[in-house]
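Letter by letter, the chains look like this.
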Amino acid sequence: MKEAPGALRDVLAPAKLNLFLHIIGRRADGYHLLQSAFALIDWCDSLDFERRPGGAISREDVGEDGAVPLPTDDLTVRAARLLQRATGCTQGAHIRLHKRIPAQAGMGGGSSDAASTLLALNRLWHLNLGRDALARIGLGLGADVPFFLHGGHAWVEGVGERLRSLTLPPAHFVVLKPSQGINTAQLFQHPLVYRNSPPATMHSFAADPYNFGRNDLQAAAQQLCPQVLECFTWLHHHGLFGRMTGSGSATFAHVPADKLPPFLGALPEAPHGWVLRLCSTLGRHPLCDWAPEQG
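Caption draft 1: Structural context of the overall build of the protein chain. For the protein chain, the count of helices and strands is nine helices and eleven strands. For the protein chain, the C-alpha radius of gyration of 19 Å lies close to 19 Å, the compact-globule estimate for 295 residues. Across its three principal directions, the C-alpha atoms of the protein chain cover 55 × 45 × 35 Å. Split into buried and exposed, the 295 residues of the protein chain put 53% on the buried side. Put simply, of all contacts in the protein chain between residues at least 6 apart along the chain, 76% involve residues at least 24 apart. A total accessible area of about 13400 Å² is found for the protein chain, and carbon and sulfur atoms account for 53% of it. Here the protein chain holds 26 positive side-chain charges and 25 negative ones, and the gap between their average locations is 4 Å.

Structure follows, in C-alpha cells:
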C-alpha cells in the first residue's frame, strides 16, 4: 500500500474460502443459520482512493480482460455512501477498483472490496472509527462484510454476523473457478439444499481443519451449475479432493506438503475460460492495523 496526501494506492482486498459450510436451521424470517470457518487467502483485489471535495463518490473499473463490468452502484460505492451517512462526513472520493477475484465464486470479493473501502475511507477522511463501528455499518451491505473487517480467520455462526477468531496452520490451496457462476438467492431456495446439519464445535474442527465437514449447498450447486462437478473431476484427476466454497461456483482443494511440489511450478492447464490459482492462507488481513477493534 502506498499513501500520499489525499490518496491511498494499492489497497488490498483479499478473498476468503469457506473451509466448510453447514446449515443448522432457519430463522422465522427465512434466513439460514450457518456454521462455517472462513480462511483469508492471498488472492486479492486492489483499490486506489483519492479524496475529493463536495461529497461526490465515483468509481472507475480496471478489470481483467473480459471481466463483466460492475454495476454503477456496486458495494464499494454503497459502502462509501453508508459511511458518509453514518458519520455526517461531507468529503467525497474517487475509487479505482482492479478486480481480480471472480464474481459469483463464493469467495467474498464484493464484500471484501466493501470492507477495504470502509477501512480506507475511515483513514482517508480521518473519521477514527474502530473496527466494531465499521462492522456495524458494513453489516448493512452483507453478512460477509464484518468478517473482512475482523482482521483474520474466523469461526462464523448465525447468518454470518457472529465471529470468533480462529488460528489455522499455514496451508496452500488450488482454487478453480469455472466460467459459470451461481446466483446466491436461487441456490439457497433450491430443494436439494441440506438444512439440518447438527451443530459442530471449534474443538472438533481444529482436530483436522482442512478435511472437516462439507458444504451443505454443494448438491444443489451441482444441479444449478454442472461445471462445479466438472471442477471436482478435474481436481481428482490431479490427485486432489475438492469442495465448493461459500455459495458460488469456485472450488478448492487443500494441497498437502507431499503433493505441493508439482503445483509450485507451472500449474496444469485448466479448461478454457476457467480460472486456476495456487493460493496460500494469510496470517492476517493486510489492513488489520488500520482501525482499532473498539472506537
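Caption draft 2: Spatial organisation of the sheet that holds strand E9 (residues 243–244). The four strands are arranged E9-E10-E8-E11 in an open sheet whose pairing can be described as antiparallel. Of all the strands in the sheet, just E9 and strand E11 (275–280) have a single pairing partner and so form its edges. Here strand E8 (residues 172–177) runs beside E11; their pairing, made up of six bridges, is antiparallel. Residue pairing across strands places Val-175 opposite Arg-277, the latter belonging to E11. Helix-sheet contacts for helix H8 (residues 227–237) involve E8, E9, strand E10 (251–254) and E11, and the interaxial angle to E10 is about 25°.

Caption draft 3: Geometry of the environment of Glu-3. Residue placement: Glu-3 occurs in strand E1 (residues 2–4). We classify Glu-3 as partly exposed; its relative accessible area is 49%. Each C-alpha atom, one on Glu-3 and one on Leu-124, is 9.5 Å from the other, the two residues being 121 residues apart in sequence.

Caption draft 4: Structural detail: the packing of helix H2 (residues 109–124) against helix H3 (residues 131–138). Viewed as axis vectors pointing N to C, H2 and H3 meet at an angle of 130°, and their least axial separation amounts to 10 Å. If you check the angle between H2 and H3, you find them oblique. Here the hand of the crossing between H2 and H3 comes out right-handed. Here H2 contributes Leu-118, Leu-119 and Asn-122 to the contact with H3, which in turn contributes Leu-134, Ile-137 and Gly-138. Class assignment of the residues belonging to the contact of H2 with H3 gives a composition of four nonpolar, two polar and no charged.

Caption draft 5: The arrangement of H2 in detail. Compared with the 22 Å implied by 1.5 Å per residue over 16 residues, the 22 Å span of H2 between its first and last C-alpha is a close match. Among the residues trailing H2, His-126 stands out with phi positive, at a value near 55°.

Caption draft 6: Broad picture of the side chain of Thr-251. Mapping Thr-251 onto the fold places it in strand E10. Filtering out sequence-adjacent residues up to four positions away, Thr-251 remains in contact with Val-174, Val-175, Leu-176, Val-228, Cys-231, Phe-232, Leu-235, Arg-243 and Met-244.

Caption draft 7: Structural view of helix H1 (residues 75–87). A rise of 1.5 Å per residue sets the reference length of H1, with its 13 residues, at 18 Å; its end C-alpha atoms lie 18 Å apart and thus fit the reference within 8%. By the burial criterion, the buried members of H1 are Leu-75, Thr-76, Val-77, Ala-79, Ala-80, Leu-83 and Gln-84. Against strand E3 (32–52), strand E4 (57–61), strand E5 (92–98), H2 and H3 lie the buried residues of H1. In the segment just after H1, Gly-88 is the residue with positive phi, at about 75°.

Caption draft 8: Molecular detail of unusual backbone geometry. Residue Gln-104 is not a glycine yet carries a positive backbone phi of 50°. Inspection of the secondary structure assignment puts Gln-104 in the loop between E5 and H2. We classify Gln-104 as partly exposed; its relative accessible area is 45%. Phi is positive for Asn-128, which is not a glycine, with a value near 60°. In this fold, Asn-128 is placed in the loop between H2 and H3.

Reading the values: the criteria
- Throughout, a residue's number is its position along its own chain's written sequence, starting from 1.
- Per-residue local features of the predicted model are confined to residues with pLDDT of at least 70, and side-chain atom pairs are confined, for both listing and counting, to 80 or more; whole-chain, interface and lining totals are unaffected and use all residues.
- The basis for every side-chain value is the complete set of heavy atoms in the structure, and neither hydrogens nor water enter the calculation.
- Runs of E in the DSSP output that reach at least two residues are strands. Runs of H or I that reach at least four are helices, and both are numbered from the N terminus.
- This radius of gyration counts C-alpha atoms alone. The globule rule is 2.2 Å times how many residues there are, raised to the power 0.38.
- Three exposure classes are used, based on accessible area relative to the maximum for each residue type with a 1.4 Å probe and protein chains only: buried under 20%, partly exposed in between, and exposed over 50%.
- The contact definition used throughout considers only heavy atoms, calling two residues in contact when any of these lie within 4.5 Å.
- Every accessible area reported is derived by Shrake-Rupley at a probe size of 1.4 Å, with residue values counting cover from the shown protein chains alone.
- Counted charges follow a simple rule, with Lys and Arg positive, Asp and Glu negative, and His plus the chain ends left uncounted.
- Lys charges are placed at NZ, Arg charges at CZ, Asp charges at CG and Glu charges at CD.
- Strand pairing requires that DSSP identify at least two bridges connecting the strands.
- For helices, the axis comes from a line fit to the C-alpha atoms of the stretch in contact; other axes are also lines fit to C-alpha atoms, and the angle between any two N-to-C directions lies between 0 and 180 degrees.
- Oblique is the label for every angle not falling under 35 degrees (roughly parallel), over 145 degrees (roughly antiparallel), or within 65 to 115 degrees (roughly perpendicular).
- For any helix crossing, the convention is left-handed if the near helix is rotated counterclockwise from the far helix by under a right angle, and right-handed if that rotation is clockwise.
- Amino acids are sorted into nonpolar (Ala, Val, Leu, Ile, Met, Phe, Trp, Tyr, Cys and Pro), charged (Asp, Glu, Lys and Arg) and polar (every other residue, Gly among them).
- Here the expected span of a helix is defined as 1.5 Å times the quantity of residues minus one.

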